[in-house]
Amino acid sequence: MIKFDRVFKHYDKFIYLFNLNKMDEIKDVLELQGDEVVLDIGGGTGRLADYLSKDCQIVYVLDESKVMLSKVKANKKVLPILGDALNTNFDSNSVDVVIMSDVLHHIKDQKKLIEEIYRILKKDGKLLILDFEKKHIKIMILRVFEYILFGKLYFRTSKEVINLIKNKFTIAKFIDKKYYFIIRGEKNV
Ligand SMILES: C[S@@+](CC[C@H](N)C(=O)[O-])C[C@H]1O[C@@H](n2cnc3c(N)ncnc32)[C@H](O)[C@@H]1O
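Here's what I pulled together on the structure shown here. Numbering of residues starts from 1 in every chain and runs along the sequence as written. The model is predicted, so local features are restricted to residues of pLDDT at least 70 and side-chain atom pairs to those at 80 or more, both for listing and for counting; the totals for chains, interfaces and linings are taken over all residues.

1. A look at the overall build of the protein
Heads up, the condition is: Helix and strand definitions follow DSSP, with helices as H or I runs of at least four residues and strands as E runs of at least two, each counted in order from the N terminus. In this description the radius of gyration comes from C-alpha coordinates, and the expected globular size is given by 2.2 Å times residues to the power 0.38. The burial criterion counts other C-beta atoms lying within 10 Å of a residue's C-beta, which is placed from the backbone; the residue is buried at 20 or more, exposed at 12 or fewer, and partly exposed between these limits. We call two residues in contact if the C-beta atoms placed from their backbones are at most 7 Å apart.
Tallying secondary structure elements over the protein gives 7 helices and 7 strands in all. Written out in order from the N terminus, the α and β elements of the protein read α-α-β-α-β-α-β-β-α-β-α-α-β-β. Relative to a compact globule of 189 residues, whose C-alpha radius of gyration would be 16 Å, the protein shows 15 Å and is just as compact. Along the first, second and third principal axes, the C-alpha atoms of the protein reach 40 × 35 × 30 Å. Burial statistics for the protein: of 189 residues in total, 35% are counted as buried. In the protein, of all internal contacts separated by at least 6 residues, the share reaching a separation of at least 24 is 59%.

Following this line, the structure appears as structure tokens:
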């Protein structure tokens, strides 16, 4: 069974309940211009895609969970895609912005993931990563909770994430919120 198939019904309620909804901050960091092709990797129920869609050309919500995607309010600006982040069907140099919000720590082969994102992003394309600070006390508790739900996870510190992407992306923004962080990288060519 795909991991998130167990939680999709209550997922959005849980996010609001635990104050994990960071859409405003993501939008501020992205600085969208209105014409971007955006790919929300692990975009789940499409909450963020729906919120950003009025500020860009189109948002693709790619997720491996069919039932998470069943919650997406699809329309001509928000398109769900069932697929694997490590092996997308996007053409090389075809996407302006890739977002991974609360997703990186769910994926084991993070090096391959970053290579795939680098491949599909256009020159100067943006990669936004929001994730949780591995060693923060609050996140240590979250890790136990997520382990019970999902099994092994691959949390990183913000420094480790910067190290993971820095050969392929210039770090344009780093927002340190102690228990979570947002990084905006820009594709090096
Ligand atoms: C914690 S949820 C985050 C959902 C959304 N980004 C948000 O911020 O609410 C993680 C999502 O990543 C998806 N996911 C995990 N591994 C994936 C993979 N290899 N390819 C595509 N989606 C994946 C899960 O199915 C799930 O919907």
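2. Comments concerning the environment of Asp84
Among the secondary structure elements, Asp84 is positioned in the loop between strand S3 (78-82) and strand S4 (95-101). Along the backbone, Asp84 and Gly42 are 42 residues apart, and their C-alpha atoms lie at a distance of 8.7 Å.

3. Here's the deal with the environment of Asp102
Residue placement: Asp102 occurs in the loop between S4 and helix H5 (110-120). The spatial distance from the C-alpha of Asp102 to the C-alpha of Leu130 is 5.8 Å, given a sequence separation of 28 residues. With residues up to four places along the chain from it excluded, the contact list for Asp102 reads Leu130 and Asp131.

4. Notes on the site of the ligand
In plain terms, the rule: Only the C-beta atom matters for nearness: placed from the backbone, it must lie within 6 Å of the molecule or strand for the residue to count as near. In the scheme used here, Gly and all other residues not listed as nonpolar or charged are polar, with Ala, Val, Leu, Ile, Met, Phe, Trp, Tyr, Cys and Pro taken as nonpolar and Asp, Glu, Lys and Arg as charged.
By nearness alone, 20 residues border the ligand, and Gly42, Gly44, Ser65, Ala85 and Ser101 come closest of all. Listed by contribution, the elements that provide at least two residues to the shell around the ligand are helix H3 (47-52) and strand S2 (58-63). Of the residues in the shell around the ligand, the class split is 9 nonpolar, 6 polar and 5 charged.

5. A look at the sheet that holds S4
Stated precisely, the cut-off is as follows: One bridge is not enough; two strands pair if DSSP finds at least two bridges between them. Note on definitions: angles span 0 to 180 degrees between N-to-C directions of axes, and those axes are lines fitted to C-alpha atoms, for helices only across the stretch in contact.
Spatial strand order, S3-S2-S1-S4-S5-S7-S6: 7 strands in an open sheet with mixed pairing. The two strands at the open ends of the sheet, each matched to only one other strand, are S3 and strand S6 (169-176). Strand-to-strand twist across the sheet, computed as the mean angle between neighbouring axes with direction ignored, equals 20 degrees. By the bridge criterion, 5 bridges tie S2 to S3 in an arrangement that is parallel. Bridging across to S3, Tyr60 finds its partner in Leu79. Running at roughly 150 degrees to strand S5 (residues 121-132), helix H2 (residues 23-30) makes contact with S4, S5, S6 and strand S7 (180-187) of the sheet.

6. Focus on the pairing of S2
Quick note on the threshold: By convention a crossover is right-handed if, when the strands point away from the viewer, the path from the first strand over the helix to the second runs clockwise.
Burial analysis of S2 places 5 of its 6 residues in the buried class, which makes it a mostly covered element. In this sheet, S2 lies alongside strand S1 (residues 37-41) in parallel orientation, the contact comprising 5 bridges. Across the sheet, residue Val38 finds its bridge partner in S2, namely Val59. As for the winding sense of the linkage, the β-α-β connection from S1 through H3 to S2 is right-handed.

7. Describing the environment of Arg119
Residue position: Arg119 is located in helix H5. For the pair formed by Arg119 and Asp91, sequence separation is 28 residues and the distance between their alpha carbons is 8.2 Å.

8. Looking at helix H7 (residues 158-165)
To keep it simple, the criterion reads: It is the directions from the helix axis to the C-beta atoms that the arc portrays.
All of the buried residues in H7 are Ser158, Val161 and Ile165. What you see down the axis of H7 is that its buried residues fit within an arc of 60 degrees, all on one side. Opposite the buried face of H7, at more than 90 degrees from it, the exposed residues are Lys159, Glu160 and Asn163. Buried residues along H7 sit against H5, S5, S6 and S7.

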